[in-house]
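Secondary and tertiary structure notes
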Amino acid sequence: MAELGLEQQPRHLVSRLRDHLVNVFAMATNHPGQLRGFPGSMPMTMSRRHLSMICAMDYVVLEKSDGMRYLLFATAGAVYLVDRRMNFFDVKPNPYLVVRSDGAEPQMHDNTVLDGELTMNQATGEYDYLVYDCIAIHGDVSVAQWDYRRRMKAAHVWVAQPRLYIPDATGTLRIRVKDYYEKVHIRDLFAHIVKDSDGEYVYANHDRSDGVIANHNDGVILAPVRMTYPIKACSALLKWKPPHLNSVDFALQLTPVTDPRTSTPSVTAHIAYKGDRDVVRLREVYFPSALRREWAADFERYNNSIVECAYDLQAGEWRYIRQREDKETPNFSSTVIDTMESIAESVLRDELVRKLETRSAPLPADAQETVEEHKAMLAAARVRNDYWDADNELYVDVTVMSRVPVPSREQLGPRRGGGRRGDVAGAREQGGRAREREMDTGPGPGPGPGPMEGVMAAGRGRKRGYPDPVESPPSSPAPQKERVLESV
């Protein structure tokens, strides 16, 4: 795994781990028979025909991170990240996943399975594992049968939150639960999506009690609340992307040729999708000649690999985005058709926001308590008057308490209400090594206009780019527990 420098587990160990993980999935989802391949849920591309269903049913929305998909599997004291090829990577140093103990000796998680993705935090310069669903916690496989809000709350209460108070978790992989929003608050979600100075969309939320979250974004996930954890492709679990980011994962089939204009090695390129029995060639695509020369220079790497392509409506041609080294097979024919339908219909952001805000059915009565509890948690995270933040907003924005030494009372300066801004310098000195790397410090004494300039400005109330300005911040995650997770 290039992201964290982790080594893949040897084949003789993987077989046993794979069978164990699949068995947990089968029990958690009441799936008869043997599960084949990657068992994680797969969202379908949203199109106009889905709007009435989303408005009528109980849905929540999450930002779609531009990261790498992994299951997190904790068993026998070890923690593994599992990619779509069912490769297992032993996370080192051990993230120290402890079960909430309520004063007793903490236990390490065993038979815990989470679904999420590994993303680069653009504020801290380090990787976060963002949890967006939960299959089993400490052997309790009934979690997968709960509604979505309870599953997210269980991941927060039993996995992410206890690590914030465990010194042994310092410096290990950060495991955090994603923000989610009620569908009528989708405008709040979009308000947290900003553009950095490189023109890339970034989801940035500075109002979290566990520090800033800031990762590249390429759309929105719409998750049905009343559905149990879905295995593989699910027609009710949907993803929306801006038209220019709507993409398909094709197989790239190359044929070596010589460019007649330059007499240099080149290739012809065809794209192919997965049919019922085999990979089916769609057609030749005229990618830029410079890109084809690059592929010719590394033919073995790119030929028959999986590549992500978006359709350029103005050019009337597919545009190469990136190679998908985490995938072995292209998208199925139905996925290609759904994506083409979405591109043709082009449901824009403003229309999606308007429909969900004005035509959504009322929230079910039995969900009110969970939603209100979640609102209270978000409101508490936005209060900036605790001991550690004092007058230093940037410290609480970007620095997690376990990452650097805690500043002293003198370094933080006087309590809020009579402090001098200059007193923050001492705190920045104490925790500044990580901080300077996080903030793209430029030449001179202050932060430079690095790619995170717009994102950090968004945290201080100046949003720009993607979203329309809104007055209120988001409304995000929360769920519950029985058995092992008795009273979440």
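Residues numbered from 1 in each chain as written. Predicted model: local features only at pLDDT ≥ 70, side-chain atom pairs only at ≥ 80, totals over all residues. Heavy atoms only, no water.

1. Things to note about the pattern of salt bridges
By the definition in use, this model includes 31 salt bridges. Put simply, R176 and D128 hold a salt bridge, and the shortest N to O gap is 3.1 Å. You can see R176 sitting in strand 10 (residues 174-177) and its partner D128 sitting in strand 9 (residues 127-136), a full 48 residues away along the chain. What makes R176 buried here is its relative accessible area of 2%. Note that R324 and E308 form a salt bridge whose closest N and O atoms lie 4.0 Å from each other. Separated by 16 residues along the polypeptide, R324 in the loop between strand 20 (317-323) and helix 7 (333-345) and E308 in strand 19 (residues 306-312) bring together distant segments of the chain. For the pair shown, R324 and E308 are each scored as buried. (Salt bridge = Lys/Arg side-chain N within 4 Å of Asp/Glu carboxyl O. Helix = DSSP H or I, 4+ residues; strand = E, 2+ residues; numbered from the N terminus. Buried < 20%, exposed > 50% of the residue type's maximum accessible area, 1.4 Å probe, protein only.)

2. Details of the environment of V159
If you trace the backbone, V159 turns up in helix 3 (residues 148-163). As a C-alpha pair, V159 and H109 span 50 residues in sequence and 8.4 Å in three-dimensional space. Setting aside chain neighbours within four positions, we find V159 in contact with L97, H109, T112, L114, I137, A154 and I175. (Contact = heavy atoms within 4.5 Å.)

3. Thoughts on unusual backbone geometry
The amide bond that connects K92 to the next residue, P93, takes the cis arrangement and shows omega of -10°. For P93, the position within the fold is in the loop between strand 5 (88-90) and strand 6 (98-99). Backbone geometry places N111, a non-glycine residue, at a positive phi of 60°. For N111, a relative accessible area of 21% gives the class partly exposed. Phi angles above zero are rare outside glycine, and K232 is one such case at about 55°. For K232, the position within the fold is in the loop between strand 14 (213-224) and strand 15 (233-240).

4. A few points about the pairing of strand 9
In terms of burial, strand 9 is largely enclosed, as nine of its 10 residues are buried. Sheet topology note: the strand 8 (residues 112-120)/strand 9 ladder contains eight bridges and is antiparallel. Across the sheet, L114 pairs through a bridge with C134, a residue of strand 9. The antiparallel pairing of strand 8 with strand 9 creates a hairpin that spans six residues between the two strands, and G125 there sits at a positive phi of about 75°. Of the strand pairs in this sheet, strand 9 and strand 10 are connected by four bridges, and their pairing is parallel. Bridge pairing in strand 10 places L130 opposite R176. (Pairing = 2+ DSSP bridges.)

5. Observations concerning the confidence of the model for the protein chain
Mean pLDDT over the protein chain works out to 79, with 76% of the residues at or above the 70 mark. pLDDT under 50 marks residues 384-390. Its contacts with residues more than four places away, or in other chains, come to 22 contacts. This model gives residues 395-484 a pLDDT under 50, and the stretch forms 220 contacts once residues within four places in sequence are excluded. (pLDDT = per-residue confidence, 0-100.)

6. Quick look at the packing of aromatic side chains
Across all of its chains, the model carries 10 aromatic pairs by this definition. Considering the side-chain rings of Y70 and F89, the 6.5 Å spacing of their centres and the 90° angle between planes classify their relative orientation as edge-to-face. In this pair, Y70 is assigned in strand 3 (residues 68-75) and F89 in strand 5, connecting sequence segments 19 residues apart. Under the relative-accessibility criterion, Y70 is labelled buried at 5%. For the pair F250 and W318, a centre-to-centre distance of 5.0 Å together with 80° between the ring planes defines the contact as edge-to-face. Taken as a pair, F250 in strand 16 (residues 247-259) and W318 in strand 20 lie far apart in primary sequence, 68 residues in all. Overall, the relative accessible area of 6% leaves W318 in the buried class. Taken together, the ring pairs connect F287, W295, Y302 and Y320 into an aromatic cluster. Seen from the ring of W146, R150 lies directly overhead, with NZ or CZ sitting 4.1 Å from the centre. (Phe/Tyr/Trp six-rings, centres within 6.5 Å; stacked < 30°, edge-to-face > 60°. Lys NZ or Arg CZ within 6 Å of the ring centre and 35° of its normal.)

7. Brief notes about the side chain of R324
With a relative accessible area of 10%, R324 lands in the buried category. At 3.4 Å, the side chain of R324 and the side chain of D249 are in polar contact. With near-sequence residues (within four places) excluded, R324 lies in contact with R84, D249, I306, V307 and E308. (Polar contact = N/O pair within 3.5 Å; in protein donor to acceptor, adjacent residues only side chain to side chain.)

8. Structural notes on the sheet that holds strand 4 (residues 78-82)
Across the sheet, which stays open at both edges, the six strands sit in the order 5-4-3-8-9-10 with mixed pairing between neighbours. In this open sheet, the two strands that pair with only one neighbour each are strand 5 and strand 10. Strand after strand, the sheet turns through a mean of 35° between neighbouring axes, direction not considered. Looking at chain direction, strand 4 and strand 5 are connected through three bridges and run antiparallel. Counted as the bridge partner of Y80 is D90 from strand 5. The strands that helix 1 (residues 11-29) touches are strand 3, strand 4, strand 5, strand 8 and strand 9; relative to strand 3, the one it contacts most, it runs at about 90°. This element, helix 3, spans strand 8, strand 9 and strand 10 of the sheet and lies at about 150° to strand 10. (Axes fitted to C-alpha atoms, helices over the stretch in contact; angles between N-to-C directions.)

9. Regarding helix 8 (residues 349-358)
Looking at helix 8, one finds that the buried residues are R349, E351, L352, V353, K355 and L356. Where the residues of helix 8 are buried, they touch helix 2 (51-56), strand 2 (59-65), helix 4 (186-191), strand 14 and strand 15.

10. A look at the sheet that holds strand 16
If you trace the five strands from one edge of the open sheet to the other, you get 18-17-16-19-20, paired in antiparallel fashion. A single partner strand is all that each edge strand has here, and the edge strands are strand 18 (279-285) and strand 20. Strand-to-strand twist across the sheet, computed as the mean angle between neighbouring axes with direction ignored, equals 50°. Of the strands in this sheet, strand 16, strand 17 (264-274) and strand 20 touch helix 5 (residues 289-297), which is tilted by about 90° from strand 17. Lying over the sheet, helix 7 contacts strand 16, strand 17, strand 19 and strand 20, oriented at roughly 100° with respect to strand 16.

11. A closer look at the nonpolar core
Membership of the largest hydrophobic core comes to 63 residues, with the highest contact counts inside it found for M46, Y129 and L222. Among the elements that take part in this core, helix 3 stands out by supplying eight residues, more than any other. Counting residues in hydrophobic clusters, the runner-up holds 24 residues, among them L17, A26, F73 and Y80. (Core = buried A, V, L, I, M, F, W, Y, C linked by side-chain atoms within 4.5 Å.)

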